[in-house]
Number of protein chains: 2
Amino acid sequence: MADDVFKALADPTRRRILDELVERDGQSLFEICARLATKHGLGLSRQAISQHLAVLEAADLVRTRRQGRYKFHDLNTEPLERIVTRWLRPDARENTP
Amino acid sequence: MADDVFKALADPTRRRILDELVERDGQSLFEICARLATKHGLGLSRQAISQHLAVLEAADLVRTRRQGRYKFHDLNTEPLERIVTRWLRPDARENTP
DNA sequence: AGCATAGGCAAGTGAATACTTGCATGACGA
DNA sequence: TCGTCATGCAAGTATTCACTTGCCTATGCT
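Because the structure is predicted, anything quoted here is derived from the model rather than measured.

Novice: A description of the protein's contact with DNA strand C should follow, citing residues and the corresponding values.
Specialist: Lining the immediate surroundings of DNA strand C are 22 residues, of which Ser45, Gln51 and His52 of chain A together with Phe30 and Lys71 of chain B lie closest. The sugar-phosphate backbone supplies 64% of the atoms of DNA strand C found within 4 Å of the protein. The contact in question runs from a base oxygen of DNA strand C to an N or O atom on the side chain of Gln47 of chain A, over 3.3 Å. In this structure, a base oxygen belonging to DNA strand C sits 3.0 Å away from a side-chain N or O atom of Arg46 of chain B. For the surface near DNA strand C, the secondary structure elements donating two or more residues are α2 (12-23) and α4 (46-58) of chain A together with α3 (29-40), α4 (46-58) and β2 (70-75) of chain B. For the surface near DNA strand C, the element with the most residues is α4 of chain A, which contributes four residues. When its residues are assigned to classes, the surface near DNA strand C shows four nonpolar, 10 polar and eight charged.

This is the structure:
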């Protein structure tokens, strides 16, 4: 459960993908490929990113919806809000930005 | 920087160690070994845990202070509060628990 | 001084994982 | 219907990483 979230966040490429989805939600696989290549200079294959997206989806950080031959990816921040508070003590938990 | 934090949190054993330090701060290596073994049933060698602590220290999630032949480990939650807000949109950032 | 305790360093092993290459499927347009 | 575009599946490789084993350093006690 939270295990998958931490594992998903462990890879820098996957964190870039999340960055990209924060900026523009609902992108397709090819869009993400293109923007990672141009903006971040990552020359990864389509499959590499597809597998990363699968990991993110397994962690429920990304929700997908099919539309014809396109598959759009939406960011889901809910799991992120849960995981970190685990180690925040009561007094530190109040002023979370 | 934040890279090290995510990498540190990727391993379940390291997350257990953080759990242990939340419960009681300032433990030595042997204390952590003992409590992980008894409470969580983890039969890991001393070096394994020592290496995990080194990773946590590199991520600044654990601060250490030497005192004689003892080395005490203190939890530092500051890096945790930074990393997740990266993907929280403005509207979601308000009601963080 | 001598010995036990607390921790550190380094090399080696096995498993997990990120990435690639090649082929298959399924939807849309001419 | 045929070809193309977007994606999925599977096997193979190579690197990363967690863990162990063995030896070394240093502090404190008797």
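Novice: Talk me through the packing of aromatic side chains; I want residue IDs and the actual numbers.
Specialist: Centre-to-centre distance and the angle between the planes together describe a pair of aromatic rings. Residue and element names in this part refer to chain A. One pass over the structure, following the stated rule, counts four aromatic pairs over all chains. Look at Phe6 and Trp87: their rings are 5.8 Å apart centre to centre, the planes differ by 50°, and that puts the pair in the tilted class. On the criterion of sequence distance, the pair formed by Phe6 in helix α1 (residues 2-9) and Trp87 in the loop between α5 (78-83) and α6 (90-93) is long-range, its members being 81 residues apart. By the burial criterion, Phe6 is buried, and Trp87 matches it.

Novice: Residues and numbers for the protein's contact with DNA strand D, please.
Specialist: Near DNA strand D, the surroundings consist of 22 residues, among which Phe30 and Lys71 of chain A together with Arg14, Ser45 and His52 of chain B are the closest. Counting only the atoms of DNA strand D within 4 Å of the protein, the fraction contributed by sugar and phosphate is 62%. In this structure, a phosphate oxygen belonging to DNA strand D sits 3.3 Å away from a main-chain N or O atom of Leu29 of chain A. In this structure, a phosphate oxygen belonging to DNA strand D sits 3.3 Å away from a side-chain N or O atom of Lys7 of chain B. Going through the elements one at a time, α3 (29-40), α4 and β2 (70-75) of chain A together with α2 (12-23) and α4 of chain B are the ones with two or more residues in the surface near DNA strand D. No other element matches α4 of chain B, which puts four residues into the surface near DNA strand D.

Novice: Residue-level account of unusual backbone geometry, with values.
Specialist: A positive phi is found at Asp60 of chain A, a non-glycine position, where the angle reads about 65°. Overall, Asp60 of chain A belongs to the partly exposed group, its relative accessible area being 29%.

Novice: Quick rundown of the pattern of salt bridges? Include the residues and the values.
Specialist: All names here are of chain B. Per the stated rule, a full pass over the model turns up 22 salt bridges over all chains. For Glu23, the salt bridge identified is with Arg35, shortest N-O distance 3.3 Å. Remark: Arg35 occurs in helix α3 and Glu23 occurs in helix α2; sequence separation between them is 12 residues. In this structure Arg35 comes out as buried when scored by relative accessible area, which is 16%. Residue Arg24 pairs with Glu31 through a salt bridge whose shortest N-O separation is 3.4 Å. Looking at Arg24, the relative accessible area reads 42%, which means it is partly exposed. Residue classification places Glu31 among the partly exposed residues on the basis of a relative accessible area of 28%.

Novice: Talk me through α1 of chain A; I want residue IDs and the actual numbers.
Specialist: All of the buried residues in α1 of chain A are Val5, Phe6, Ala8 and Leu9 of chain A. Along the axis of α1 of chain A, the buried positions cluster into a sector of 160°, meaning they face one direction only. Residues of α1 of chain A that are buried in the fold lie against α2, α4 and α5 of chain A together with α1 (2-9) and α2 of chain B.

So, how was this worked out
Residues numbered from 1 in each chain as written. Chains lettered and ligands numbered in written order. Predicted model: local features only at pLDDT ≥ 70, side-chain atom pairs only at ≥ 80, totals over all residues. Heavy atoms only, no water. Near = heavy atom within 4 Å. Polar contact = N/O pair within 3.5 Å; in protein donor to acceptor, adjacent residues only side chain to side chain. Helix = DSSP H or I, 4+ residues; strand = E, 2+ residues; numbered from the N terminus. Nonpolar A, V, L, I, M, F, W, Y, C, P; charged D, E, K, R; others polar. Phe/Tyr/Trp six-rings, centres within 6.5 Å; stacked < 30°, edge-to-face > 60°. Buried < 20%, exposed > 50% of the residue type's maximum accessible area, 1.4 Å probe, protein only. Salt bridge = Lys/Arg side-chain N within 4 Å of Asp/Glu carboxyl O. Arc of directions from axis to C-beta. Contact = heavy atoms within 4.5 Å.

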